[in-house]
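# Observations on the model geometry
Here's the letter readout for the chains.
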Amino acid sequence: MHRAFIALTCLAGITAAATIGVDAQGRGQAKGQQNRQAQMRFQGMDRNGDGRIQRDEWQGSARAFSIQDWNGDGVLSEAEVRVGALRDANWEEADHYPNRAERNLSWTAASFTSLDHNRDGRLSPNEWHFDHETFRRVDSNRDNIISRAEFLGGDIDDGRDIRFDDLDVNNNGRVERGEWYFSNRAFTALDRNGDGTLSRFEVVGSQDTPGDVYDEFANLDYDRNGALARNEWHWSTPSFTQRDLDHNGELSRREFEIMGGTPGGSTTTTSDTRSIRVNSQLRWTDAAIEVRAGDTITFEASGTILMSDNAVDKATPAGSVNGRNAPDAPILNQLAGGLLARIGDYGPIWIGDRRTVRAPVSGHLYLGINDDHLPDNRGEFLVIVGIQGQTR
């Protein structure tokens, strides 16, 4: 009987130990899962807990999803949702369009060095060849300089690749907490007045009408000596060599223009006319037109929209019939409700009811309304767009 008691006691101890082991293992697995989730971007959207974000789980705009979907497979997974991961692309050697119309996509030390022309360890505005909104977003201390630490970003997910318009899903001119799916610390830093929402001014800054003539050669010529050295050329070595017609190791303006400017420039003359209906409740309407830098674009717009529940608060493509402005519209110094255009990420450009512009950059054409709160708008504009391509 004594031996039986000892056996039962040992069995109970083994069972208890096994139970404790199982519990510990379960707690360990749960803790491991929590740690993995803590290291995952957009974890609040991962409803099924599989470590991936499907398109139907994504709570932001379609454009924002496509920007985060680096490999274009329709799901955010692996590096795309890992905190601190970098886009796997040799962006410094790619023949892309680094100008103020483009958003920087490479946040590596090599990319920083390629932009830091004077090698002083920081980026001034004239060393930045990308869009103003991204510069402001990355310049977290607002000193008009991007330090190496700010450029590399560390472990703070600040959503620098996503435009304000792509975050403002409900088009009310503000980005609320529910529309922000990046770091809380980054949100607080941008929320200068502490009201719990991000205005366009807080994220983008003052957006006066940018110049319609964009001199890309001058933008790249950092030292203003009238020639582009290899370290001022932000594309591949073969594309530089191809343009260096006299093989002297630098590009003159004449060589730059003869060879079509930036890589991928158009070499044909085209003519096209389209009619586009611009919905006053959408921030940007896709015109389904590709334009090239130098193309002549003509706009003729008609129609009247209502900008609020007030029956007299109307606007034509030229702007508010009452002469009012919108305090947080894309372009602050123009009338509310007027017609705008955007080419790729360049803009907005004021159009009004009739205008002819020379395309400052290459890209996809979009049309929109100069208003800060769109959900209560009604009506649309009809815009006739003509494109005349330029022979190069």
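Notes on the structure follow. What you see is a predicted model, and the numbers here were worked out from it, not measured in a lab.

Cut-offs applied
- The written sequence of each chain sets the order in which its residues are numbered from 1.
- Only residues with pLDDT of at least 70 get local features here, since the model is predicted, and only at 80 or more are side-chain atom pairs given and counted; chain-wide, interface and lining totals rely on the full set of residues.
- Hydrogens and water are ignored here; the side-chain numbers use all heavy atoms of the structure.
- Each nonpolar core is a collection of buried residues, namely Ala, Val, Leu, Ile, Met, Phe, Trp, Tyr and Cys, held together in the definition by side-chain atoms within 4.5 Å.
- When accessible area is computed with a 1.4 Å probe and restricted to protein chains, residues below 20% of their type maximum are described as buried, those above 50% as exposed, and intermediate ones as partly exposed.
- Segments assigned H or I by DSSP are reported as helices when at least four residues long, segments assigned E as strands when at least two residues long, and all are numbered from the N terminus.
- Whether two residues touch is decided by their heavy atoms; if any such pair falls within 4.5 Å, the residues are in contact.
- Working definition: rings of Phe, Tyr and Trp (its six-membered ring) pair if their centres are within 6.5 Å, and the pair is stacked with planes under 30 degrees apart, edge-to-face with planes over 60 apart, and tilted otherwise.
- Both a distance and an angle decide whether a charge sits over a ring: NZ of Lys or CZ of Arg must be within 6 Å of the ring centre and within 35 degrees of the ring normal.
- Every definition here rests on a 1 Å grid over the protein atoms only: cavities are sets of points where a 1.4 Å probe fits but cannot get out, pockets are open sets enclosed by protein on both sides within 12 Å along at least five of seven lines, and lining residues have some atom within 4 Å of a point.
- Grid points are joined across faces, edges and corners, and a volume is the space filled by probe spheres set on the points.
- Ten residues, namely Ala, Val, Leu, Ile, Met, Phe, Trp, Tyr, Cys and Pro, are considered nonpolar, four, namely Asp, Glu, Lys and Arg, are considered charged, and the remaining ones, Gly among them, are considered polar.
- Strand pairing is assigned whenever DSSP identifies at least 2 bridges connecting the two strands.
- Between N-to-C directions, angles span 0 to 180 degrees; the directions come from axes that are lines fitted to C-alpha atoms, helices contributing only their stretch in contact.
- Under this rule, positive means Lys or Arg and negative means Asp or Glu; His and the chain ends count for nothing.
- Criterion for a salt bridge: a side-chain nitrogen of Lys or Arg within 4 Å of a carboxyl oxygen of Asp or Glu.
- Nitrogen and oxygen atoms within 3.5 Å of one another constitute a polar contact, given that in protein one can donate a hydrogen and the other can accept it, and given that sequence-neighbouring residues count only through two side-chain atoms.

Within the largest apolar cluster, 30 residues are counted, with the highest numbers of intra-cluster contacts made by Ile297, Phe299, Leu367, Val383 and Val385. At the level of elements, strand E9 (271–279), strand E10 (285–291), strand E11 (296–302), strand E15 (339–343), strand E16 (346–350), strand E18 (363–369) and strand E19 (380–388) are the ones that each hand at least two residues to this core. Among the elements that line this core, the one with the most residues is E19, at four residues. Setting aside chain neighbours within four positions, we find Val383 in contact with Arg274, Ser275, Ile276, Val278, Phe299, Glu300, Ala301, Leu339 and Leu367.

In total, this model carries 15 aromatic pairs according to the counting rule given. Ring geometry for Phe42 against Trp58: centres 5.1 Å apart, planes inclined by 85°, an arrangement best described as edge-to-face. A residue pair is termed long-range when its members are at least 10 positions apart, and Phe42 in the loop between helix H1 (2–38) and strand E1 (53–54) and Trp58 in the loop between E1 and helix H2 (62–68) qualify at 16 residues. The same class applies to Phe42 as to Trp58, namely buried. One aromatic cluster in this structure is built from Phe42, Trp58, Phe65, Trp180, Tyr181, Phe182 and Phe187. One Lys or Arg, Arg160, reaches over the ring of Trp107 and ends 4.3 Å from the middle of that ring.

Our next topic: empty space enclosed by the protein. Inspection of every chain in the model, using the stated rule, returns one cavity of 30 Å³ or more. Reported here for the largest cavity is a volume of approximately 30 Å³. The wall of the largest cavity is formed by Met45, Gln59, Gly60, Val169, Gly178, Glu179 and Tyr181. Across the lining of the largest cavity, the residue classes break down as three nonpolar, three polar and one charged.

What follows concerns the sheet that holds E15. Spatially, E10-E18-E15-E16 is the arrangement adopted by the four strands of the open sheet, whose pairing is antiparallel. Strands with a single pairing partner mark the edges of an open sheet, and in this sheet they are E10 and E16. Each neighbouring strand pair of the sheet contributes to a mean axis angle of 25°, computed without reference to strand direction. Direction of pairing for E15 relative to E18: antiparallel, over a ladder of five bridges. Its bridge partner lying in E18, Arg342 is registered against Tyr366.

We now examine the side chain of Glu232. Position of Glu232 among the secondary structure elements: in the loop between strand E7 (227–229) and helix H10 (237–243). Comment: no salt bridge for buried Glu232; closest opposite-charge side chain is Arg224, at 6.5 Å. Among the polar contacts made by the side chain of Glu232, one reaches the main-chain amide nitrogen of Tyr222 at a distance of 2.9 Å. Apart from residues no more than four positions distant in its own chain, Glu232 is found in contact with His117, Leu220, Asp221, Tyr222, Asp223 and Ala227.

A separate point is unusual backbone geometry. A cis amide bond, omega 10°, links Gly347 with the succeeding residue Pro348. Positive phi is not limited to glycine here, since Asn144 has a value of about 65°. One non-glycine residue, Asn171, adopts positive backbone phi at about 55°. Mapped onto the elements of the fold, Asn171 is located in the loop between helix H6 (164–167) and strand E5 (174–176). Judged by its relative accessible area of 12%, Asn171 is buried.

This part takes up the sheet that holds strand E13 (residues 314–316). Strand order in this open sheet of three strands is E12-E13-E14, and the pairing throughout is antiparallel. A single partner strand is all that each edge strand has here, and the edge strands are strand E12 (305–306) and strand E14 (319–320). Across two bridges, the pairing between E12 and E13 is antiparallel. The partner of Ile305 across the bridge, within E13, is Ala315.

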